[in-house]
Structure formats: C-alpha cells, structure tokens
Amino acid sequence: QVQLVESGGGLVQAGGSLRLSCAASGSIFSINGMGWFRQAPGKQRELVARFVTGGRSIYAGSVKGRFTISGDNAKNTVYLQMNSLKPEDTAVYYCYAIQNYWGQGTQVTVSS
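Every value quoted in this text rests on a predicted model; they were computed, and no experiment measured them.

J.: How would you sum up the state of the cysteines? Please name residues and give values.
T.: Enumeration according to the criterion identifies one disulfide in this entry. Across the disulfide, Cys22 is cross-linked to Cys95 (sulfur-sulfur distance 2.0 Å). Where Cys22 bonds to Cys95 through sulfur, the torsion about that S-S bond is close to -80°, and the disulfide is left-handed. Of this pair, Cys22 sits in strand S3 (residues 18-25) while Cys95 is found in strand S9 (residues 91-97), placing the two residues 73 residues apart along the sequence. Taking the relative accessible area as the measure of exposure, Cys95 reaches 0% and is therefore buried.

J.: Please provide a residue-by-residue account of the sheet that holds strand S1 (residues 3-7), values included.
T.: Spatial strand order, S1-S3-S8-S7: four strands in an open sheet with antiparallel pairing. Every other strand in the sheet has two partners, leaving S1 and strand S7 (67-72) as the edge strands with one partner each. On average, adjacent strands in this sheet sit at an angle of 20° to one another, irrespective of strand direction. Taken together, the five bridges between S1 and S3 define a ladder with antiparallel strand orientation. The residue bridging Ser7 from the neighbouring strand is Ser21, located in S3.

Definitions and cut-offs
- Residues numbered from 1 in each chain as written.
- Predicted model: local features only at pLDDT ≥ 70, side-chain atom pairs only at ≥ 80, totals over all residues.
- Heavy atoms only, no water.
- Disulfide = S-S within 2.5 Å.
- Helix = DSSP H or I, 4+ residues; strand = E, 2+ residues; numbered from the N terminus.
- Buried < 20%, exposed > 50% of the residue type's maximum accessible area, 1.4 Å probe, protein only.
- Pairing = 2+ DSSP bridges.
- Axes fitted to C-alpha atoms, helices over the stretch in contact; angles between N-to-C directions.

Structure follows, in structure tokens:
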C-alpha cells in the first residue's frame, strides 16, 4: 500500500527557509493528489498547500507568497519550500495523499 516518508523538518530562525520532502511509495497514481497540512499545539490540523488539477496549487492565506509546493513525478516526491518563516509557522507538518494517506509528520520550529 501507499507509504509517505517525510524529511526536512527542523529548527530555523525567523526569516529563514526550510524545504520539506515527502517521498511516496506504493500505488500512487499521481502526485497531483498530494499536499501538506500542519498542526500546531492546541489547534486543528489545517491545510497548508495542495495541488489542484489544471497545473495550479492552493495555499493557506497565512503562507501564500512564502511557501511553494512542487513535485517530481519521476521520484514520486512532493516538496514544500518554506521561505520567510515566522514563529507562527511552528507546527508538525504532514504530507498527505488522497484516499486518506498521511505521513508521520515532521516538526518545524521557528525561533525568534
């Protein structure tokens, strides 16, 4: 079955950048069905970015202009480039794929 393996989380200073990766294995038909969520302590899991058919992406308003989702079909991998990070971006970031597949989560901590 589908497995999602995340990497790239860590500690970064405010204003810095981080790149998350999610490598999918198994019966993934397309990375177009993948994206990123995040969950901060005491808060609901929220959409960060996801692909939408038609060659476009959707972003949470709080990250739009700072984060970019991209993918490599040959590697079956999705990336999240995070720039100009803010302390408010601190959360566990989860890769997902349609049909309710989720990665284990990777911690992103932004210090001020």
